[in-house]
Amino acid sequence: EKSARTIEKSADSYTYTAQTLMNSYNQMAQNRYAAEKNVQALEASYQALVRKSTAGSATQAQVLSEKSSLDIARNSLESLREQERELRFRLLTMLGLEDREDVVIGAIPAPDMEAIAAIDFESDKQKAVGNDSNVQNERHTRAYSTADINRRFKQVGEAEGTAEASIQYAYQELESRVIQYQAALESYESALLIYQSLQRKQAAGLLSNTEYLEGEAAYAQKQAAKETASMNLVQAYESYCWEVKGVN
């Protein structure tokens, strides 16, 4: 039985690590996409300034400043791409898959707000303490003398206190992520309305290409922030559930 429990704990720990890696990869992919849109907008702005400079309506200093911003953004984008490739490789290697182009990593689903709202923390805290491996080890330690019993009682109490603090932290982190997600969602919904207005103006020929790309980049940033907040919340909920199960 102990062996089966150990195997189950190892499998749970493996699953938790894979979930974390997949979440990190998807967040990086979102941030990389937003960075690509930002580079596109800066490239268009830079080319427009070069044309203005040629026509005498922009200074060389303005052109150089824009070129500097573009170079910084390109370097940042390349760094994000490298981190994305690294996370993808680590995840696929962990899953025993070859890193081929046709291997697609799925998206992280939206957070289950009903399940999060239905959490019974006091009940979960008791489960988390009972499932904690350190608590279990201390509870099952044999005691033959009064001194042993007193020592064991103290050690059990310390292990339970540590386990309680751990689940408490996980729950507070979850609550914090809920607030961040709700704020990011509101901000994204406002950005979406602005972006839809931008698309209508572009269709009517009322925007320059640079103006449209800048608006698209701003929207992509808000979208990435919303998706990141969403995935952070999913991760916090999964971490909380694993804490309850005793996988930490």
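Check the entry above for the structure.
This is a predicted model, so every value here is computed, not measured.

Enquirer: Looking at this structure, I do not really get the packing of helix H4 (residues 121–131) against helix H6 (residues 146–203). What am I missing?
Expert: For any two helices packed against each other, one specifies the crossing angle of their axes together with the interaxial distance. Interhelical geometry of H4 versus H6 gives an angle of 135° and a closest axis separation of 9 Å. The angle between H4 and H6 places the two elements in the oblique class. Relative to H6, the crossing made by H4 is right-handed. Within the contact between the two elements, H4 uses Phe121, Lys125, Ala128 and Val129 and H6 uses Glu160, Ala163, Glu164, Ile167, Gln168 and Tyr171. Looking at the contact of H4 with H6, its residues break down into 6 nonpolar, 1 polar and 3 charged.

Enquirer: How do you make sense of a nonpolar patch on the surface when you look at a structure like this?
Expert: Together, Tyr14, Leu95 and Leu97 make up an exposed nonpolar region whose accessible area comes to about 280 Å². Classification of Leu97 as partly exposed rests on a relative accessible area of 43%.

Enquirer: Could you clarify how one ought to interpret H6 in this entry?
Expert: The periodicity of an α-helix, 3.6 residues per turn, causes residues three or four places apart in sequence to face the same way. Compared with an ideal rise of 1.5 Å per residue, which puts 58 residues at 86 Å, H6 spans 84 Å between its outermost C-alpha atoms and is within 8% of the ideal. The first or second residue beyond H6 is Gly205, which carries a positive phi of 75°.

Cut-off values and rules
Residues numbered from 1 in each chain as written. Predicted model: local features only at pLDDT ≥ 70, side-chain atom pairs only at ≥ 80, totals over all residues. Heavy atoms only, no water. Axes fitted to C-alpha atoms, helices over the stretch in contact; angles between N-to-C directions. Helix = DSSP H or I, 4+ residues; strand = E, 2+ residues; numbered from the N terminus. Parallel < 35°, antiparallel > 145°, perpendicular 65-115°, else oblique. Left-handed = near helix turned anticlockwise from the far one by under 90°. Contact = heavy atoms within 4.5 Å. Nonpolar A, V, L, I, M, F, W, Y, C, P; charged D, E, K, R; others polar. Patch = residues over 30% accessible without salt bridge, like charges linked within 9 Å, V, L, I, M, F, W, Y side chains within 5 Å. Areas by Shrake-Rupley, 256 points an atom, 1.4 Å probe, with all protein chains shown as cover. Salt bridge = Lys/Arg side-chain N within 4 Å of Asp/Glu carboxyl O. Buried < 20%, exposed > 50% of the residue type's maximum accessible area, 1.4 Å probe, protein only. Expected span 1.5 Å × (residues − 1).

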